[in-house]
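Residues per chain, in single letters:
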2 protein chains.
Amino acid sequence: YPNSYSSAEDPIWRYFTAVAGQDLEVDAEELQRCLTESGISGTYSPFSLETCRIMIAMLDRDYTGKMGFSEFKELWAALNAWKQNFITFDQDRSGTVERHELNQAITAMGYRLSPHTLNAIVKRYSKNGRVFFDDYVACCVKLRALTDFFKRRDHLKQGVANFVYDDFLQGTVTL
Amino acid sequence: YPNSYSSAEDPIWRYFTAVAGQDLEVDAEELQRCLTESGISGTYSPFSLETCRIMIAMLDRDYTGKMGFSEFKELWAALNAWKQNFITFDQDRSGTVERHELNQAITAMGYRLSPHTLNAIVKRYSKNGRVFFDDYVACCVKLRALTDFFKRRDHLKQGVANFVYDDFLQGTVTL
Ligand SMILES: [Ca+2]
Ligand SMILES: [Ca+2]
Ligand SMILES: [Ca+2]
């Protein structure tokens, strides 16, 4: 039983099964409990329910509103990368990144955006000029999910995509 | 001074100026206070900061992250319409609409969506099968803002639109 063995050994399997229940899928409330219990936010505030909902929307490709263990592991890896990233950009260890630092972080993640779009993003995810970890992650989730969605429709890889209305809404309204 | 006179007479001008400060623009925190003080949520929970942020994103066409009085009045009218709508669809007066009722409400607002997209939306904005007023409004804001954005790019009015990546992100990531 190689799969169940490795799952049992996996330290995050414990957090997942503690909240997932019999169906081994977590909804947004369960994901919030799961992430809080895992301590992944460290000294930062726990994730809001809203951020947990968009985390699920990012990975929930069958739109059940729930997340299985493989998606959870994918999320876990992404969260750890974003957390490292956040710590790196919070140079004065104030617990928040400042607006210009979010700007740098987004560019460092490889997104190529116009100054206008970057500016709109930074305004949207900051509070009084400071970006908290929860909002930082919400921003990273949205950027990744929307970019992935766009790329799947950008068949010629030219940075241009065509959408029919229903498809456009499906890929954007749940994030 | 017809404009300042009519503003002074306007009952919501009072709520607006009480929080907007000298620049007469409200950010998300101020909007939350303003809406709470106005009592527009009635017996429902006050709006979350997250919902206030997407309300601003919906109307903030210059991406300053703030809302002036004319946008605020536009929001006020929309909120009142959505509230009436919510009350109508909450037939058992439980304070929430149920999933199938959100489905009906969205269709009644004139959106023509596939069952798959409707289903994804209903899952996203409900908690244990119930949709609270705050999430209902968040859903209405997103549907309206994303549909408006799409329509502005649907030049032939055929339900198909072309986006370049930066523009696509600009219209979706702040909502
Ligand atoms: Ca800092
Ligand atoms: Ca503005
Ligand atoms: Ca009800």
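For the structure itself, look to the data block above.
Note that the structure is predicted; figures quoted are calculated from it, not measured.

1. Some thoughts on the nonpolar core
If you look at the biggest cluster of nonpolar residues, it comprises 121 residues, and the most contacted ones within it are A:Leu31, A:Leu35, A:Phe72, B:Leu31, B:Leu35 and B:Phe72. Beyond its immediate sequence surroundings of up to four residues, B:Leu31 is in contact with B:Val26, B:Cys52, B:Met55, B:Ile56, B:Met67, B:Phe72 and B:Leu75.

2. Remarks on the coordination of the calcium ion (ligand 1)
Residues and elements named next belong to chain A. In this structure, Asp 90 (OD), Asp 92 (OD), Ser 94 (OG), Thr 96 (O) and Glu 98 (OE) serve as the protein donors to the calcium ion (ligand 1), at separations of 2.4 to 2.6 Å. Read in sequence order, the donor residues for the calcium ion (ligand 1) give the motif D-x1-D-x1-S-x1-T-x1-E. What makes Ser 94 partly exposed here is its relative accessible area of 34%.

3. Concerning the relation of the copies chain B and chain A
For the match of chain B to chain A, the screw axis carries a shift of 0.0 Å, the RMSD comes to 0.0 Å, and the turn is 180°. What the superposition gives is, in effect, a two-fold axis relating one chain to the other. For chain B, the smallest separation between a C-alpha atom and the rotation axis is recorded for B:Asn162, amounting to 2.2 Å. A shared binding surface is used by both copies, with 100% of the interface residues of chain B retained as interface residues in chain A.

4. Describing the pairing of strand β3 (residues 160-164) of chain A
Of the two faces of β3(A), the one lined by A:Ala161 and A:Phe163 is fully buried and the one lined by A:Val160, A:Asn162 and A:Val164 carries no buried residue. Two elements, β3(A) and strand β3 (residues 160-164) of chain B, share 5 bridges in a ladder whose sense is antiparallel. Bridge assignment links A:Phe163 to a residue of β3(B), and that residue is B:Ala161.

5. Describing the packing of aromatic side chains
Residue and element names in this part refer to chain A. What the rule picks out here adds up to 40 aromatic pairs over all chains. With centroids separated by 6.4 Å and ring planes inclined at 25°, the aromatic side chains of Tyr 15 and Trp 76 adopt a geometry described as stacked. Taken together, the residues Tyr 15 in helix α2 (residues 11-20) and Trp 76 in helix α5 (residues 69-89) connect sequence positions 61 residues apart. Each of the two residues, Tyr 15 as well as Trp 76, counts as buried. Where Phe 86 meets Tyr 136, the ring centres are 4.9 Å apart and the plane angle is 70°; that geometry is what we call edge-to-face.

6. Topic: the interface of chain B and chain A
The interface is formed by 43 residues belonging to chain B together with 43 residues belonging to chain A. Between chain B and chain A lies a buried interface of about 4,100 Å² when both sides are counted; carbon and sulfur atoms form 58% of it. If you sort the residues of chain B by the area they bury against chain A, B:Arg53, B:Arg124 and B:Tyr165 come out on top, with a joint share of 18%. Here chain B is connected to chain A by 4 salt bridges. The interface formed by chain B and chain A contains 22 residue pairs in polar contact (both at pLDDT 80 or more). Elements with a minimum of two residues in the side of chain B that touches chain A: α4 (49-59), α7 (115-125), α8 (133-153), β3 and α9 (165-172) of chain B.

7. Some details on the environment of A:Leu118
Residues and elements named next belong to chain A. Relative to the helices and strands, Leu 118 resides in helix α7 (residues 115-125). Sequence spacing of Leu 118 and Leu 102 is 16 residues, and the spatial spacing of their C-alpha atoms is 9.0 Å. Contact partners of Leu 118, with chain neighbours within four places excluded, come to Asn 103, Ile 106, Thr 107 and Leu 113.

8. Structural notes on unusual backbone geometry
With glycine set apart, most residues show a phi of negative sign, and most peptide bonds adopt trans. A positive phi is found at A:Arg93, a non-glycine position, where the angle reads about 55°. Here the phi dihedral of B:Asn128 falls at roughly 50°; this positive angle occurs in a residue that is not glycine. We classify B:Asn128 as exposed; its relative accessible area is 70%.

9. Description of the packing of helix α6 (residues 99-108) of chain B against α7(B)
All names here are of chain B. It is the contact of α6 with α7, at a shortest axis distance of 10 Å, that shows an interaxial angle of 125°. Accordingly, the angle class assigned to the pair α6 and α7 is oblique. As for how α6 packs across α7, the hand of that crossing is right-handed. Counting all contacts with α6, which are made through Arg 99, Leu 102, Asn 103, Ile 106 and Thr 107, the residues of α7 involved are Leu 118, Ile 121, Val 122, Lys 123 and Tyr 125.

Reading guide: rules and limits
Residues numbered from 1 in each chain as written. Chains lettered and ligands numbered in written order. Predicted model: local features only at pLDDT ≥ 70, side-chain atom pairs only at ≥ 80, totals over all residues. Heavy atoms only, no water. Core = buried A, V, L, I, M, F, W, Y, C linked by side-chain atoms within 4.5 Å. Buried < 20%, exposed > 50% of the residue type's maximum accessible area, 1.4 Å probe, protein only. Contact = heavy atoms within 4.5 Å. Donors = N, O, S within 2.8 Å, 3.2 Å for Na, K, Ca; no water. Least-squares fit on C-alpha atoms with pLDDT ≥ 70 in both. Helix = DSSP H or I, 4+ residues; strand = E, 2+ residues; numbered from the N terminus. Pairing = 2+ DSSP bridges. Phe/Tyr/Trp six-rings, centres within 6.5 Å; stacked < 30°, edge-to-face > 60°. Buried area = accessible area lost by both parts, 1.4 Å probe. Salt bridge = Lys/Arg side-chain N within 4 Å of Asp/Glu carboxyl O. Polar contact = N/O pair within 3.5 Å; in protein donor to acceptor, adjacent residues only side chain to side chain. Axes fitted to C-alpha atoms, helices over the stretch in contact; angles between N-to-C directions. Parallel < 35°, antiparallel > 145°, perpendicular 65-115°, else oblique. Left-handed = near helix turned anticlockwise from the far one by under 90°.

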